Protein chains: 2
Amino acid sequence: MSDNTTPITADIAANVEAIATRAKKAAQVLATATRATKDAALHALADALIANATPIIAANQHDLERGRTNNMSPGLLDRLALTEDRITQIANSLRDVAALPDPVGEIIRGSRLPNGLRLTQQRTPMGVVGMIYEARPNVTVDAVGLTLKSGNAVILRGGSAAASSNEKIVEILAATLETQGLPADLIQSVDAYGRPGAVALMHARGLVDVLVPRGGADLINTVVREATVPVIETGTGNCHVYIDNTADLEMAINITVNSKTHRVGVCNAAETLLVHRDIATTFLPAAYTALAAQNVTVHTDDASAAFTEGTGVSAVAATEEDWATEYLSADLAVRVVDDLDQAIDHIRTWTSGHTEAIVTSDYAHAERFIAELDSAAIMVNASTRFTDGGQFGLGAEIGISTQKLHARGPMGLPELTTTKWVVRGEGQIRP
Amino acid sequence: MSDNTTPITADIAANVEAIATRAKKAAQVLATATRATKDAALHALADALIANATPIIAANQHDLERGRTNNMSPGLLDRLALTEDRITQIANSLRDVAALPDPVGEIIRGSRLPNGLRLTQQRTPMGVVGMIYEARPNVTVDAVGLTLKSGNAVILRGGSAAASSNEKIVEILAATLETQGLPADLIQSVDAYGRPGAVALMHARGLVDVLVPRGGADLINTVVREATVPVIETGTGNCHVYIDNTADLEMAINITVNSKTHRVGVCNAAETLLVHRDIATTFLPAAYTALAAQNVTVHTDDASAAFTEGTGVSAVAATEEDWATEYLSADLAVRVVDDLDQAIDHIRTWTSGHTEAIVTSDYAHAERFIAELDSAAIMVNASTRFTDGGQFGLGAEIGISTQKLHARGPMGLPELTTTKWVVRGEGQIRP
């Protein structure tokens, strides 16, 4: 990505500032656009992507060739690759966003003051949103759809590995906006300025209203450290499942397996399993057998290691590092705890604040787990995998915030807006 | 304050980290405290301040003596000075906070998902709040009251000019908390570590959940530039009053005078008056006469300068700098504009995004002013002075945010909380 030592020339800073200034002007036009205008534009963008699949795929080929030359891994190459089918999927995601309610103009609260003033607090676009992300061209389109619907201009900084694809996509989308009577400057990129351009974007205070980094921990840490504009951290998930002594055994196994193996590379997958000592003897052998069937490797403390024999699970000894690790793989740390208190203490010590689940039939234990843990989501008798904008019924998801300011947990379109207070009177002054 | 070149020794960083770690532990205790416990503690703190007025005033004398030796201005000395009456006022402000509703536990939204899961999003404390402010000992108590009620631990960094007063106040408040069965570590200060301590606080990522700077533009800019923890900017107010061609003359004069002169040193005071060309001939002479009676100096463009004669107002020629200036004094920039469009354009160019007012009797103009300007508060036919937590009925005010993330405009207790999602199920897993 970029770091403190990346030099920004005055030229690049001025160019990025000019881009952001044009974005701000364009955002002022979009701020008063009706939902009908925005939805029509989203459908036009989707149509344009499908109509231009051939040139987009041609540009994508350049990225793929460069990737192969640079020995990019097969997994990353696959994420980078665009096909007609994938372009149709990406285009359809824009139509899905069009179908969502417009967050702009929503009245959050309001009242009539004693002096007769009518007060409302209503949602209004942020203005200019910066997005810094890695080599997935679909994120380019996602970001455009979400920011357009929420009334914002977007400035993109994609990974250099997807530079040709992104350049072509941005060119097509910006030109299409103009055919819809909207400013092309709503969609711009700083990719031409490389890493210094990204750093200049992070420093564009007063012009960029919020910066959303999407990607791995390194990218996010760099942005948080470097940025002087406000940032929404979308974060890592070191999620826990705690099996209480009163848990239903079958439910406990189902939730453990689903939380760990439904998809292993995602932030809401479980990474550590905590098991109450009193239920370990019955629960752990069955859980290990079920996890072994999904090829999970368990990283066990001494007490939990005692139950692996005969279950077929592959096991390694856990160290403290395992408690802190977000594996993002078919690995699961396992620890036996004395009681709920020790489980809460373990989670408080090691969690990244994403999602924690308890499996229990004890009312008081459930309520204590909810009250005493402070993560973005707390599950009682449900899989950690439910922490998701789609699952929560929020529609599109911009990301899952693990910070406490502004947005926490799954973020939908409203999280890309701010509010303003409107006060209507007939000449009131302060006495 | 502090800047990038302020050296932090490893010792100071470790001490501040230890303070923040203790604060985090203490906050976990407070997070589950009931409103009754918190309100009782707030009243006990108020009682303790009044009971300890003598030692507090004695400590304050040291600050005042040092201030006089350092040629502190009479205005600043007055803000720094504590008397029995002022201590009683400060104590009563804690009782006022006790009377406000508890934001913690409020359900923001909730639903039942198709698979039967019950979803709620509820307010929960931020955790550890840092406050960096200037030499006003009353802010120390304010900060303690607001953070305690919202379930947070606070780490204070007051101005060095009030160091003795703050040390004594923190000592009394922390000791009183313990008598209430709450951890003394809920109220701590890094003042003993000077500027490096403040910088260490700004860098305590993962331990400090939000930092609220309160003070002048220099302090706020330093914190925003330096901090790696999340910051809520409480900001400057370059507020505008626009007199439309259709304005009621008497209302226009009242709102102009009230917005400018009700209190000149505050962020919601008007700093620039924009006047539609068609009403300038009748409005400006009368407005100047009324402003002259309040000893306001006007900084006029050429067109508005033409109407000063015979009004008794003192006038100087405005330069572009005047459009950008937050005077915080009995000065007002004045410009004649051609129409609403030019007024909106002027405000968009120069505003700090705090409060803008229009005086008009034209419905379409009022609605355009609301829709096309993007400031924290928009007033129609009302004084800019209404942008205030108390006036808006929010109860206590932590500050007025001019940023767009998390909170915008007057911030009450809910803005010192974050949310968490709670999901209750009976074994649901992702299919």
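Residues numbered from 1 in each chain as written. Chains lettered and ligands numbered in written order. Predicted model: local features only at pLDDT ≥ 70, side-chain atom pairs only at ≥ 80, totals over all residues. Heavy atoms only, no water.

Per an unreviewed UniProt entry, chain A is named Gamma-glutamyl phosphate reductase, and its organism is Jonesia denitrificans. The heading Subcellular location (unreviewed entry) in the UniProt record of chain A holds the text "Cytoplasm". Per its UniProt entry, chain A bears the Catalytic activity (unreviewed entry) comment "L-glutamate 5-semialdehyde + phosphate + NADP(+) = L-glutamyl 5-phosphate + NADPH + H(+)". (UniProt positions renumbered as here; feature names shortened; annotations may be inferred.)

## Quick look at the UniProt feature "domain: Aldehyde dehydrogenase" (unreviewed entry) in chain A
UniProt marks residues 12-299 of chain A with the feature "domain: Aldehyde dehydrogenase" (unreviewed entry), using the numbering shown here. Taken end to end, residues 12-299 of chain A comprises 54% helix and 17% strand; its first and last C-alpha atoms sit 48 Å apart. (Helix = DSSP H or I, 4+ residues; strand = E, 2+ residues; numbered from the N terminus.)

## Notes on unusual backbone geometry
All names here are of chain A. Even without a glycine there, the phi angle at Asn-381 is positive, about 55°. For Asn-381, the location among the structural elements is in strand β13 (residues 377-382). If you check the backbone angles, His-406 has positive phi at about 75° while not being a glycine. By the secondary structure assignment, His-406 is in the loop between β14 (399-401) and β15 (409-411).

## A few points about the environment of Ala-48 of chain B
All names here are of chain B. Along the chain, Ala-48 turns up in helix α2 (residues 35-51). Given the relative accessible area of 10%, Ala-48 is considered buried. Ala-48 sits 121 residues away from Ile-169 along the chain, and the two C-alpha atoms are 9.6 Å apart. Setting aside chain neighbours within four positions, we find Ala-48 in contact with Ile-172 and Thr-176. (Buried < 20%, exposed > 50% of the residue type's maximum accessible area, 1.4 Å probe, protein only. Contact = heavy atoms within 4.5 Å.)

## What to know about the interface of chain A and chain B
With 73 residues of chain A at the contact, the number on the chain B side is 73 residues. Here chain A meets chain B over a buried area of about 6,000 Å², counting both sides, of which 52% is carbon and sulfur. If you sort the residues of chain A by the area they bury against chain B, Leu-405, Trp-421 and Arg-430 of chain A come out on top, with a joint share of 14%. The interface formed by chain A and chain B holds eight salt bridges in total. For Glu-367 of chain A, the salt bridge identified is with Arg-424 of chain B, shortest N-O distance 3.2 Å. Between the two partners, chain A and chain B, sit 47 residue pairs in polar contact (both at pLDDT 80 or more). (Buried area = accessible area lost by both parts, 1.4 Å probe. Salt bridge = Lys/Arg side-chain N within 4 Å of Asp/Glu carboxyl O. Polar contact = N/O pair within 3.5 Å; in protein donor to acceptor, adjacent residues only side chain to side chain.)

## Overview of the relation of the copies chain A and chain B
In screw terms, the move from chain A to chain B is a rotation of 180° and a rise of 0.0 Å along the axis, fitting with an RMSD of 0.0 Å. What we have between these two chains is a two-fold relation. If distances are taken from each C-alpha of chain A to the rotation axis, the shortest is found for His-406 of chain A, at 1.8 Å. (Least-squares fit on C-alpha atoms with pLDDT ≥ 70 in both.)

## Some details on the pattern of salt bridges
Using the criterion set out here, one finds 42 salt bridges over all chains in the structure. The salt bridge partner of Glu-372 of chain A is Arg-368 of chain A, with a shortest N-O separation of 2.7 Å. Here Glu-372 of chain A pairs with Arg-368 of chain A, and both are found in helix α15 (residues 363-372), just four residues apart, close to one helical turn. The class of Glu-372 of chain A is partly exposed, set by a relative accessible area of 21%. Owing to a relative accessible area of 27%, Arg-368 of chain A belongs among the partly exposed residues under this scheme. Taking the shortest distance from any N to any O, the salt bridge between Lys-404 of chain B and Asp-374 of chain B comes out at 2.9 Å. You can see Lys-404 of chain B sitting in the loop between β14 (399-401) and β15 (409-411) and its partner Asp-374 of chain B sitting in the loop between α15 (363-372) and β13 (377-382), a full 30 residues away along the chain.

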